[in-house]
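Notes for the structure review
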Amino acid sequence: MAAALQTLGGGIGITLHWIAFTPTIEQQATEEQKKKWLKLAQDVAIVGAYAQTEMGHGTFVRGLETTATYDPSTQEFVINSPTLTSTKWWPGGLGKTANHATVMAQLYTRGKCYGPHNFMVQIRSLENHQPCPGVTLGDIGPKMESNGNDNGFARFDHVRIPRENMLMKFARVEADGTYVQPPSSKLAYSNMVYLRGTFVMSAAQALASATTIAVRYSCVRRQSEMKPGEPEPQILEYQTQQYKLFPQLAAAYAFWFASWFMTQQHGSITGSMEKGDMSGLAELHALSAGLKSYTTAVTARGIDVCRMACGGHGYSHASGLPALFGGAAALCTAEGENTVMMLQTARYLVKCFAQSQAGKRLTGTVAYLSAVQPSPVAGNRNMSDLGTLVAAFQHRAARMVRHAAMQMQGEMQKGKAREDAWNSCSVLLIKAAEAHVHSFVVRNFAETVQTVEVDESVRAVLTSLCQLYSLYGITEHAGDFLKDGYLTGRDIDAASSHLSAMLARVRPDAVALVDAFDLHDKILRSVLGRYDGRVYEHLYEWAKKSPLNKSEVHESYYKYLQPFLKSNRAKL
Ligand SMILES: CCCCCCCC/C=C\CCCCCCCCCCC/C=C/C(=O)SCCNC(=O)CCNC(=O)[C@H](O)C(C)(C)COP(=O)(O)OP(=O)(O)OC[C@H]1O[C@@H](n2cnc3c(N)ncnc32)[C@H](O)[C@@H]1OP(=O)(O)O
Ligand SMILES: Cc1cc2nc3c(=O)[nH]c(=O)nc-3n(C[C@H](O)[C@H](O)[C@H](O)COP(=O)(O)OP(=O)(O)OC[C@H]3O[C@@H](n4cnc5c(N)ncnc54)[C@H](O)[C@@H]3O)c2cc1C
């Protein structure tokens, strides 16, 4: 039942129950509270939404306006939407599906505000699904995609909930209204860190889906003449088609491996945090924010490249690519808008750079910032060697982080306030953070292909894919590598020719590489990407089912076209 609900379209959305509401209980509720709500959520005996974003605030969580005011006389919190812009807006499932929500609200007790905290609020009756007293609910209307999901709105008119409905694993309010501080104020944000981490796998899966569709279709589709008089070739024989698709295919594998690292990091750092060691939280936040931003942005662009590579049929919903693009586009905004997330990573990098300047040896994903020499030693580099490629990406990132941080220091030395200096360098900061994440993805890809337990013939294919991904990144951002002479023009030319060689080397394995994602036709939902390759027959069957084909002459003819034609003919 739960799985069926999860896939149902038609105005109900239970995705957020699984990926946000239930994990929030797991991560933010006490053991007592888990006994009360977790099993109900896991068994879908209640359906929940994660209600944080408001009409007026999504990014700036500290600016949320919904209030939760503690009343010690009744030991209750009063949940209220004081303004129109405080209306909860966007949460998946909030409009028509959910009967509970974790509501992020500014906590007030004894007249003082302690910032955003999560509260469990029942929003609909379990008997007749009507909104609870004081709760106004609705759907926010059609969106770019995912219109099967009821992203909704909610308003609270002094709704009273028991004190025990504040999720109190980290912070809590005692019966007399005393607020007890959490080990870190950012622990209230921990479920966002978790969800951003899962977006890396969503991006990988979305790009894997799109490249599966486009590569398979590019083997079915024959078009034009490569040589006069010869049969029309598969469009995947064109180097330009390979240049469009294979870097996206390589990125899908790169992001899939990055999501493995993200999952492992999240588990290990949250494990330490359970024992009171918060030292890894900053790195986890920076990594999840940067990877989410980078992988979803590359994925959205990559899906559109795949769509265009399929010509007209790519633009049809029969291909499945417009829906994938719409979903991936959502990932760029949801769970932390990409620019804002990349700026969070930049904030961490600037901090680490300053520590490195002060002599601290950096560790983890920023260790390379300490190791990389500022003065490059140019020379004929072996541009097909993975170690050389990884070092190039790390040098580029270190140079850009140093440049952005020094620019900011320079602005402050001219007398600018830190915040103004930050804002006037934020484009440089974003580019530096992107370079940092890019270097992490390349290094992780290289380390994974060298260590993953596979047959040596498979390792050889994965190594070619990693070289292709890295060489594509260098040629696409050549200026960054040339800027301080770390790479020379000859190196970039060598990278380009190696890239062409990699396109040809990956071609024979392209179909096997997408089949390896093992995405069933039912998941792909694409006529172009069918496993059996019978595209044209099924495209025709798909079109015949279009609602417009229910009648031979559509009613619009009689309503509009016929009178219009008649009146035009009468004027002749
Ligand atoms: C095999 C299967 C195949 C499947 C095939 C198909 C594949 C799939 C196909 C398609 C995929 C797509 C499908 C469609 C999906 C559509 C989307 C569905 C899901 C949508 C779910 C979305 C949910 C949401 O959006 S929930 C709401 C999310 N909202 C946010 O994320 C808000 C973002 N804002 C913030 O997090 C914060 O406001 C902030 C971080 C921007 C600023 O916070 P602030 O307190 O102001 O902090 P700041 O002053 O900047 O920094 C202070 C210090 O705090 C540190 N810090 C900040 N945040 C954190 C944190 N989370 N953890 C730790 N530390 C943090 C910060 O670093 C500073 O530290 P410093 O030491 O002082 O520097
Ligand atoms: C499909 C979908 C599903 C969603 N599901 C949920 C859900 O289930 N629960 C939930 O609570 N929310 C949900 N959201 C809301 C989502 O979390 C927010 O839309 C997201 O956090 C972005 O916030 P915003 O809309 O306020 O954008 P804004 O922050 O207003 O972004 C507008 C522009 O302002 C820029 N900007 C903002 N702050 C800064 C800054 N400090 N520096 C530089 N630029 C800045 C941004 O980069 C962006 O270009 C969903 C959204 C979508 C699209």
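Residues numbered from 1 in each chain as written. Chains lettered and ligands numbered in written order. Predicted model: local features only at pLDDT ≥ 70, side-chain atom pairs only at ≥ 80, totals over all residues. Heavy atoms only, no water.

Heads up, the rule is: UniProt positions are given in the numbering used here, feature names are shortened, and annotations may be inferred rather than shown by experiment.
Per an unreviewed UniProt entry, the recorded name for the protein chain is Acyl-coenzyme A oxidase, and the organism is Branchiostoma floridae. The UniProt entry for the protein chain carries the following comment under Pathway (unreviewed entry): "Lipid metabolism; peroxisomal fatty acid beta-oxidation." A UniProt comment under Subcellular location (unreviewed entry) is attached to the protein chain, and it reads "Peroxisome".

1. Some remarks on the pattern of salt bridges
Our working definition: Definition used for salt bridges: Asp or Glu carboxyl oxygen within 4 Å of a side-chain nitrogen of Lys or Arg. In this text, helices come from DSSP runs of H or I with a minimum length of four residues, and strands from runs of E with a minimum of two, each type numbered from the N-terminal end.
A complete count under the given rule lists 22 salt bridges for this structure. Across the pair Glu-237 and Arg-507 runs a salt bridge whose closest N-O atoms are separated by 2.9 Å. Of this pair, Glu-237 sits in the loop between helix H4 (190-220) and helix H5 (239-274) while Arg-507 sits in the loop between helix H16 (489-506) and helix H17 (510-515), placing them 270 residues apart in sequence. Residues joined by salt bridges that share partners form a network here, namely Asp-71, Glu-76 and Arg-160.

2. Remarks on the site of ligand 1
Selection criterion: A cutoff of 4 Å decides nearness: a residue is near a molecule or strand if any of its heavy atoms lies inside that distance of it. What qualifies as a polar contact is a pair of N or O atoms within 3.5 Å, subject to a donor-acceptor requirement within protein and to the restriction that residues adjacent in sequence count only when both atoms come from side chains.
Taken together, 35 residues form the shell around ligand 1, and within it Thr-59, Lys-186, Arg-196, Arg-347 and Lys-351 come nearest. Between ligand 1 and the protein, one listed contact pairs an oxygen atom with a backbone N or O atom of Glu-335 at 2.8 Å. For the shell around ligand 1, the elements supplying multiple residues, two or more each, are helix H2 (15-28), H4, helix H6 (281-309), helix H8 (321-333) and helix H9 (338-357). When residues in the shell around ligand 1 are grouped by element, the largest group, 7 residues, is from H4.

3. Considerations on the sheet that holds strand E4 (residues 88-89)
Put simply, the rule is: Here, strands pair whenever DSSP counts at least two bridges between them.
The 3 strands lie next to each other as E4-E8-E7, forming an open sheet whose pairing is antiparallel. Both outer strands of the open sheet, E4 and strand E7 (135-139), are each paired with one neighbouring strand and no more. Here E4 pairs with strand E8 (residues 152-156) via 2 bridges, running antiparallel. In the strand pairing of E8, Trp-89 is matched with Phe-153.

4. Some points on the pairing of strand E9 (residues 159-162)
Filter applied, for reference: Only protein chains enter the accessibility calculation, which uses a 1.4 Å probe; a residue whose area is less than 20% of its type maximum is buried, one above 50% is exposed, and one in between is partly exposed.
Side chains Val-159 and Ile-161 of E9 all project onto a buried face; the interleaved residues Arg-160 and Pro-162 project onto a face where none is buried. Looking at chain direction, strand E3 (residues 76-80) and E9 are connected through 4 bridges and run antiparallel. Counterpart to Glu-76 in the pairing with E9 is Pro-162.

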